[in-house]
Amino acid sequence: HGHILDTSMGLGYTAIEAAKDADQVTTIEVEPVVEEIASINPWSRDLFINPKIKRMIADSSILLPEFEEATFSAIIHDPPVLSLAGDLYGLEYYQQLFRVLNSNGKLFHYIGDPHSHSGRNVTRGVVERLYRAGFNNVRRKPRAFGVVAHK
């Protein structure tokens with residue numbers, strides 16, 4: 001519910017699903033070609049016609065500081081793998097997510113297979129940095145391949 005931030009649009013499935021219950025969804029995609037692909041994907045159609053979804057083409061790490069504090073009631077963060085987008089797993093990025101989340105907000109951070117060697121290591125680092133960024137009640141959600149954190 002409320003205003004949801006989807007930090008990595010991709011084909012838009014997350015934003016489309018979130019818009020079913022949210023008042024508004026802001027979804028960000030860094031690659032214009034991904035938006036172009038979504039525009040011809042029939043399963044992404046709602047991304048372009050649902051008035052509750054606002055698409056933005058930008059680097060979310062650059063765009064986040066432009067949002068006002070406490071703008072979003074929830075954040076869904078499903079970044080590319082760490083090796084491709086390390087800045088989206090960094091403390092400074094998490095501090096910006098914390099800043100734009102409202103006081104009762106929740107963050108879901110998709111990480112990947114928590115049972116793989118790299119998944120365990122990435123999860124451990126993510127949890128540590130989320131706490132350092134100010135989040136509390138950071139919980140691993142292995143069945144969802146991610147973690148949930150509260151502000």
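Conventions used here
- Residues numbered from 1 in each chain as written.
- Predicted model: local features only at pLDDT ≥ 70, side-chain atom pairs only at ≥ 80, totals over all residues.
- Heavy atoms only, no water.
- Helix = DSSP H or I, 4+ residues; strand = E, 2+ residues; numbered from the N terminus.
- Rg over C-alpha atoms; globule rule 2.2 N^0.38 Å.
- Contact = heavy atoms within 4.5 Å.
- Buried < 20%, exposed > 50% of the residue type's maximum accessible area, 1.4 Å probe, protein only.

## Structural notes on the overall build of the protein chain
A count of helical and extended segments in the protein chain gives six helices and seven strands. Counting from the amino terminus, the protein chain carries its helices and strands in the arrangement β-α-β-α-α-β-α-β-α-β-α-β-β. The C-alpha atoms of the protein chain give 15 Å as radius of gyration, which agrees with the globular expectation for 151 residues (15 Å, within 12%). In terms of principal-axis extent, the alpha carbons of the protein chain reach across some 40 × 30 × 30 Å. Counting only contacts in the protein chain whose residues sit at least 6 apart along the sequence, the fraction spanning at least 24 positions is 64%.

## Quick look at the side chain of Thr27
Mapped onto the fold, Thr27 is located in strand S2 (residues 24–29). Not counting the four nearest positions on each side in its chain, Thr27 is found in contact with Asp6, Met9, Ala15, Leu47, Ile53, Lys54, Arg55 and Met56.

## A closer look at the environment of Val147
By the secondary structure assignment, Val147 is in strand S7 (residues 146–150). Here Val147 falls in the buried class, since its relative accessible area comes to 0%. Considered as a pair, Val147 and Tyr93 are 54 residues apart in the sequence and their alpha carbons are 16 Å apart. Once you skip the residues sitting within four places of it in the chain, Val147 turns out to touch Leu107, Phe108, His109, Ile111, Thr123, Val126, Val127, Leu130, Val138, Arg139, Arg140 and Lys141.

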